[in-house]
Amino acid sequence: MNIVIVGHVDHGKSTIIGRLLADTGSLPEGKLEQVRDLCERTSKPFEYAFLLDALKDEQAQGITIDAARVFFKSPRRHYIIIDAPGHIEFLKNMITGAARAEAALLVIDAREGVRENSRRHGYMLAMLGIRRVAVLVNKMDLVGHSREVFENIRKEYEAFLAGIGLEADSFLPVSGMGGDNIASPSGTMTWHTGGTVLDVLDGFSSSPPDDKLPFRLPVQDVYKFTRFGDDRRIIAGTIASGQVRVGDRIGFYPSGKSTTVSGIESFPAPTSDEDRVRVASVGEPVGITLSEQLYVTRGDLAVLQGQRSPTVATRLKASVFWLSRSPLKVGQEVLLRIGTARVRAHLESISRVIDAASLEGVSNPVEIARHDVAECVLHCASPIAFDVDAGIPEMGRFVLIDNFEISGGGIIREGLPDEQSWVRSKVLQRNIKWEMSTISLQARAERYCQAGTLVLVTGQADSRKKDLAKALESHLFGLGRLTYYLGLGSVLYGVDADLKTPESDSRTEHRQEHLRRFAEVAHLFLDAGLILVSTATDLTQEDANLINAVLEDHRMLVIWSGDSPSTDVKPDLVADRETGLETAVERIRALLQDQGVLYRA
Amino acid sequence: MSAHLKRLENTSVHILREAYASFKSLAMLWSIGKDSTVLLWLARKAFYGHVPFPLVHIDTHFKIPEMIEYRDRLTREWGLIMVYGENRAALEAGETFPDGKVDRLTCCRNLKTRALAHTLDGSWPRFRFNHQAGRYEKDRNTDPYTGVIVGVRADEEGSRSKERYFSARNRSAGWDIADQPPEFWSFYKTDFAPGTHVRVHPLLDWTELNIWEYIHQERIPTVSLYYDQGSGRRYRSLGCQPCTSPIESTARDVPEIIEELRSGKLASVAERSGRAQDKDDGGGLESLRREGYM
Ligand SMILES: Nc1nc2c(ncn2[C@@H]2O[C@H](COP(=O)(O)OP(=O)(O)OP(=O)(O)O)[C@@H](O)[C@H]2O)c(=O)[nH]1
Ligand SMILES: [Mg+2]
């Protein structure tokens, strides 16, 4: 079991663990003597903490800098104890250590009482998801082993924990230096009957993983190793919750595309049929094969059909803690990682910033400073899948990367709608119900030497966009490419017949639904591997986002016909009036080649 | 398999896969010792029989000959991409401890730390096993490795107890222990600035005992030097011949080693007690490691 020991600087964490190791005979032969000698040679008083504070700088300063792992065995079980630093400068190291733990010991100096980092560390434990905590009131020797001091600290800290939704398993009066209530009961504090640190450790219950939770598998990678004639295509990842069996129907989010699990791989390879793995559970790093050639990549989330589905959104209401020296400002862009997914995101707004040491709010926050915690809204550049309140905390946790470094972390509280949400929920349904062909997208692309793509030529009403689009179509056709011209307006009378009424101008009234249907039609062409050339008047960026939400992994290239765009759309190419039609077509073809849409056989 | 070993295996496989997904130019150090051999086995598990990146061995040329024979045998049998590097200049100039010109720590620095840094960044020649020809040839690939998997364990010594799973190294392969980037939940440091690299440590949570228990359960082939072959002595930790001495032990096979570690004569003796270079000064290994030693 992994245990972390936390608390304010110098309150005696390393001493308590050093003492625990020494008093239980857990140190290698000669280790204690070695530390004694070292202290003598350097004329320092002996410190149990030096058993853990192994770095030269740590011993010189008498402080823990980075969390240490120590291995410890009680008659009941094995432990990895993580000794975290208490100094605020090293909060990131405390978090690194604490996040690996299942339970925590929080140390408070009896003489100094509850201090800033006693509270901040408590708050961080709650954020990190550690629910089992025992509080050690240390240095009882310095307060005459007073029961009253102990009880006062206990009351004060209990109230603090209650405020952040935590309840301590127990409170213990101890002395790391004297060895009281560490491995054996104190001779002086006979009023305490709650056992020793060792008893508390052995008493932490370790909850077995719950197999009943919905299945979640963040896809780590897709393997296709061709050496030694291997032709398996293996979807790899560690199961975050639940179980999966061969034959199960699974969907990949955020797209929702679904298929069946045809096998679960193992190494060494099974020698007989009974040897084959048929089921895998939470915590296992698995490799599954699929019955259909779906396009799956790292970052997708596999879930079981028929079970609760994950939330898909681009806007997230979240609690965030920030660790980087430079603050996170409203509008600032960072990378967000959740599960195995990784997307660009920006801080849209902050509703509250809290000083985790005092629980006080900062008024009118515009940034999240180092070591602060905030309630805020993050906006991702593309949709992500996650869980809130599904009993799978792991699927709601994320980190933020700034300047190559993990600079903050957080928990999603809620998915918020954006402009494309209504489109995305329809697309999700489409994907879940989609019957897969046995011919993969890649196989089609290889056969046709092109990737299905939408080339959308837009411009003002009087521009020559239609001429350009048709010239492009015939040019591509001349090159032997599979291509088709479809004007946005042409969809109006057939596909959109139900929207079109004589008295209304459906183009404006139903513009969004009109665009969605057009994009769905385009999606079919692209899925079939064609280059679809289309035209639309005055396309805006929001229109483009809507179309992209429907096309998903398929590509759209926007060509602006005319001088600079008169809408906010960001075109991939501008074909101004000066350029001849032929030259413009030639440029578009070059763009298609550059972008890997057209390739040679 | 015991639940604890299973958990250790699960985490290590997950870390190996994260490394493979995150680094374009990835390599794994293989010292031929028990830990990095377990790591190699875990890689075969993670990638279903394949090891999709090169294994790099730093040859000090003072290794015990059995180690090299064993390395090349597994390379052939498992179809490994095997690469070795060395400090040719120091060897030719005799700037080594066995040649008497330098002390143990400097020898380690020359033959291991420097050879490692230059092999990893591609500035010194690498030699790669050609499976068709059955011999080592100069490797044409001189790209620096940006991710390097290393089999260190936290229980080995003080500075290793403070390591991250993914540990950033600066341009000169140095390690800034006082300011390591955070890693938490299962998010590791997989983004890095150009010119820097990341050391990946999938075995941090394993103890020496866990390693032997795993070797036993998985029947992983190990080099014979770990076992007493009748002389009443065996190696507990493998390094260069002049600086590693065998221990008094009659353990002849894996179960006997496990017994010895659990409750026998080794239960409370530190593993690296047979390594002479650790003793030269108080924080000798920490200094080496700050400069890029494993
Ligand atoms: N009198 C007395 N002193 C103690 C006790 N426990 C620890 N100390 C002293 O308090 C000082 C700090 O102890 P450490 O164990 O280094 O404190 P820490 O909490 O690990 O500190 P950081 O890791 O730097 O946050 C040392 O000088 C210890 O000797 C105790 O029970 N009684
Ligand atoms: Mg400490």
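Residues numbered from 1 in each chain as written. Chains lettered and ligands numbered in written order. Predicted model: local features only at pLDDT ≥ 70, side-chain atom pairs only at ≥ 80, totals over all residues. Heavy atoms only, no water.

Engineer: Please clarify how the coordination of the magnesium ion (ligand 2) should be interpreted in this entry.
Structural biologist: When a metal holds four donors in a tetrahedron, each ideal angle between them is 109.5 degrees; when it holds six in an octahedron, the ideal angles are 90 or 180 degrees. Residue and element names in this part refer to chain A. Coordination sphere of the magnesium ion (ligand 2), protein contribution only: Ser14 (OG) and Thr64 (OG1), at 2.0 Å. With a gap of 50 residues between them, Ser14 in helix 1 (residues 13–23) and Thr64 in the loop between helix 3 (56–61) and strand 2 (68–73) connect regions that are remote in the sequence. Thr64 carries the same exposure label as Ser14, and that label is buried. (Donors = N, O, S within 2.8 Å, 3.2 Å for Na, K, Ca; no water. Helix = DSSP H or I, 4+ residues; strand = E, 2+ residues; numbered from the N terminus. Buried < 20%, exposed > 50% of the residue type's maximum accessible area, 1.4 Å probe, protein only.)

Engineer: Before we go on, may I ask you to explain the site of ligand 1 in this structure?
Structural biologist: Residues and elements named next belong to chain A. The environment of ligand 1 is made up of 20 residues, and the closest members are Lys13, Thr15, Glu47, Thr64 and Asp141. Within the side chain of Thr64, a nitrogen or oxygen atom sits 2.7 Å from an oxygen atom of ligand 1. When the free accessible area of ligand 1 is taken as 650 Å², the share hidden by the protein chains comes to 90%. In terms of residues, the shell around ligand 1 owes the most to one element, helix 1, which gives three residues. (Near = heavy atom within 4 Å. Polar contact = N/O pair within 3.5 Å; in protein donor to acceptor, adjacent residues only side chain to side chain. Areas by Shrake-Rupley, 256 points an atom, 1.4 Å probe, with all protein chains shown as cover.)

Engineer: I tried to follow the interface of chain B and chain A on my own but got confused; where do I start?
Structural biologist: Interface size, as often reported, equals the accessible area lost upon joining of the parts. On the chain A side, the residues contacting the 58 residues of chain B number 70 residues. Summing the contributions of chain B and of chain A, the shared interface buries around 5300 Å²; its carbon and sulfur component is 57%. At the surface where chain B touches chain A, the tally comes to eight salt bridges. Close ionic contact of Arg298 of chain A with Glu18 of chain B constitutes a salt bridge, the shortest N to O distance being 2.9 Å. Put simply, chain B and chain A have 25 residue pairs in polar contact (both at pLDDT 80 or more) between them. (Contact = heavy atoms within 4.5 Å. Buried area = accessible area lost by both parts, 1.4 Å probe. Salt bridge = Lys/Arg side-chain N within 4 Å of Asp/Glu carboxyl O.)

Engineer: So what exactly am I meant to see when it comes to the sheet that holds strand 14 (residues 285–290) of chain A here?
Structural biologist: Backbone-to-backbone hydrogen bonds join strands into a sheet, with any given pair of strands oriented parallel or antiparallel. Residues and elements named next belong to chain A. An order of 7-15-11-12-14-9-8 is seen for the seven strands of this open sheet, with the pairing classed as antiparallel. Edge strands, defined here as strands with exactly one partner in the open sheet, are strand 7 (216–218) and strand 8 (221–223). Strand-to-strand twist of the sheet, defined as the mean angle between neighbouring strand axes without regard to direction, takes the value 40°. Where strand 12 (residues 257–264) and strand 14 come together, three bridges link them in antiparallel fashion. Within the sheet, the bridge partner assigned to Ile264 lies in strand 14 and is Ile288. (Pairing = 2+ DSSP bridges. Axes fitted to C-alpha atoms, helices over the stretch in contact; angles between N-to-C directions.)

Engineer: Is there a simple way to explain the packing of aromatic side chains in this structure?
Structural biologist: What characterises a pair of aromatic rings is the spacing of the ring centres plus the angle enclosed by the ring planes. All chains considered together, the criterion is met by 29 aromatic pairs over all chains. Judged by centre distance (5.1 Å) and plane angle (15°), the ring pair of Tyr484 of chain A and Phe525 of chain A falls under stacked. Residue Tyr484 of chain A is located in strand 26 (residues 483–487), and its partner Phe525 of chain A is located in helix 12 (residues 511–527); the two are separated by 41 residues in the primary sequence. Owing to a relative accessible area of 39%, Tyr484 of chain A belongs among the partly exposed residues under this scheme. Given a relative accessible area of 22%, Phe525 of chain A falls into the partly exposed group. Judged by centre distance (5.2 Å) and plane angle (85°), the ring pair of Trp206 of chain B and Tyr214 of chain B falls under edge-to-face. The pair formed by Trp206 of chain B and Tyr214 of chain B is uniform in burial state, with each residue classed as buried. Taking the ring centre of Tyr165 of chain B as reference, the NZ or CZ of Arg69 of chain A above it sits at 4.9 Å. A cation over a ring is seen here: Arg44 of chain B above Trp78 of chain B, with NZ or CZ 4.0 Å from the ring centre. (Phe/Tyr/Trp six-rings, centres within 6.5 Å; stacked < 30°, edge-to-face > 60°. Lys NZ or Arg CZ within 6 Å of the ring centre and 35° of its normal.)

Engineer: Help me out: how do you make sense of the side chain of Gln180 of chain B in this one?
Structural biologist: Mapped onto the elements, Gln180 of chain B comes out in the loop between strand 7 (166–169) and strand 8 (197–200). When residues no more than four places from it in sequence are discounted, the contact partners of Gln180 of chain B are Asp66, Lys92 and Asn93 of chain A together with Lys162, Glu163, Arg164, Ser167 and Trp175 of chain B.

Engineer: Can you walk me through the domain arrangement of chain B in this structure?
Structural biologist: Residue and element names in this part refer to chain B. The domain architecture assigned to chain B consists of domain 1 (3–206 + 283–290) and domain 2 (210–278). One C-alpha centre belongs to domain 1, the other to domain 2, and the line joining them spans 21 Å. Contacts between the two partners involve 36 residues from domain 1, matched on the other side by 29 residues from domain 2. Counting the surface lost from both domain 1 and domain 2, the interface buries some 2800 Å², and carbon and sulfur atoms represent 67% of this. Looking only at domain 1, the three residues that lose the most surface to domain 2 are Leu5, Lys34 and Ile64, adding up to 24% of its buried area. Taken together, domain 1 and domain 2 are joined by one salt bridge. Ionic pairing is found between Lys45 and Glu218, a salt bridge with its closest N-O pair at 3.0 Å. The tally of links from domain 1 across to domain 2 stands at six residue pairs in polar contact (both at pLDDT 80 or more). Of all the secondary-structure elements, those providing two or more residues to the side of domain 1 that touches domain 2 are helix 1 (3–22), helix 2 (34–46), helix 3 (65–77) and helix 5 (104–120). If you tally residues by element for the side of domain 1 that touches domain 2, the top one is helix 2, at seven residues. For the side of domain 1 that touches domain 2, the residue count by class is 20 nonpolar, four polar and 12 charged. (Domains from an automatic or database assignment. Nonpolar A, V, L, I, M, F, W, Y, C, P; charged D, E, K, R; others polar.)

Engineer: Would you explain the confidence of the model for chain B in this entry?
Structural biologist: Reading predicted coordinates in detail is not appropriate for stretches of low pLDDT. Put simply, chain B has an average pLDDT of 88, and 94% of its residues get 70 or more. Here the predicted complex carries an ipTM of 0.91, next to a pTM of 0.89. (pLDDT = per-residue confidence, 0-100.)

Engineer: I keep staring at the pattern of salt bridges and nothing clicks. Help me out?
Structural biologist: Where charged atoms from two side chains of opposite charge come close, those side chains can pair. Taken as a whole and assessed by the stated rule, the structure comprises 53 salt bridges over all chains. The residue Glu77 of chain B makes a salt bridge to Arg73 of chain B at a minimum N-O spacing of 3.5 Å. Of this pair, Glu77 of chain B and Arg73 of chain B both sit in helix 3, separated by four residues, roughly a single helical turn. Salt bridges sharing partners connect three or more residues here, namely Asp496, Asp498, Glu513, Arg516 and Arg517 of chain A.

Engineer: Honestly, the nonpolar core in this entry has me stumped. Any pointers?
Structural biologist: Nonpolar side chains in soluble globular proteins tend to be buried together. Grouped together as the largest cluster of nonpolar side chains are 80 residues, with contacts concentrated most on Trp30, Val38, Ile149, Phe166, Trp206 and Trp212 of chain B. Discounting chain neighbours no more than four positions away, the residues touching Ile149 of chain B are Leu16, Ala19, Leu26, Ala27, Met28, Leu29, Leu39, Phe53, Val200 and Pro202 of chain B. Of all hydrophobic cores here, the second largest spans 51 residues; its members include Ala67, Val114, Val137 and Phe160 of chain A. (Core = buried A, V, L, I, M, F, W, Y, C linked by side-chain atoms within 4.5 Å.)

Engineer: Mind showing me how you'd approach the side chain of Asp418 of chain A here?
Structural biologist: Residues and elements named next belong to chain A. Turning to its location among the elements, Asp418 is positioned in the loop between strand 24 (405–416) and helix 8 (421–433). The class of Asp418 is buried, set by a relative accessible area of 16%. Within the local environment of Asp418, its side chain forms a polar contact with the backbone nitrogen of Gln420, the two atoms lying 2.8 Å apart. With near-sequence residues (within four places) excluded, Asp418 lies in contact with Thr314, Arg315 and Arg424.

Engineer: Can you walk me through the sheet that holds strand 28 (residues 555–561) of chain A in this structure?
Structural biologist: All names here are of chain A. Here we have five strands laid out as an open sheet, ordered 26-27-25-28-29, and parallel in their pairing. Strands with a single pairing partner mark the edges of an open sheet, and in this sheet they are strand 26 and strand 29 (573–575). Strand-to-strand twist in this sheet, taken as the mean axis angle between neighbours without regard to direction, amounts to 25°. Here strand 25 (residues 453–459) runs beside strand 28; their pairing, made up of seven bridges, is parallel. Bridging across to strand 28, Leu454 finds its partner in Met556. With respect to the sheet, helix 13 (residues 541–551) is in contact with strand 25 and strand 28, its orientation differing from that of strand 28 by roughly 155°.

Engineer: Would you take a moment to explain the domain arrangement of chain A for this structure?
Structural biologist: Residues and elements named next belong to chain A. Partitioning chain A into structural domains gives domain 1 (2–203), domain 2 (211–304), domain 3 (313–418) and domain 4 (437–594). For domain 1 versus domain 3, the separation of C-alpha centres amounts to 31 Å. Tallying the contact residues gives 15 residues for domain 1 and 16 residues for domain 3. Three residues stand out in domain 1 for area buried against domain 3, namely Arg120, Tyr123 and Met127, and they jointly supply 43% of the buried area on that side. Between domain 1 and domain 3 we count three salt bridges in total. One salt bridge connects Arg120 with Asp355, and the closest N-O pair in it is separated by 3.7 Å. Breaking the side of domain 1 that touches domain 3 down by element, the ones donating at least two residues are helix 4 (91–98) and helix 5 (116–128). For the side of domain 1 that touches domain 3, the leading source of residues is helix 5, giving seven residues. Looking at the side of domain 1 that touches domain 3 residue by residue, the class counts come to nine nonpolar, one polar and five charged.

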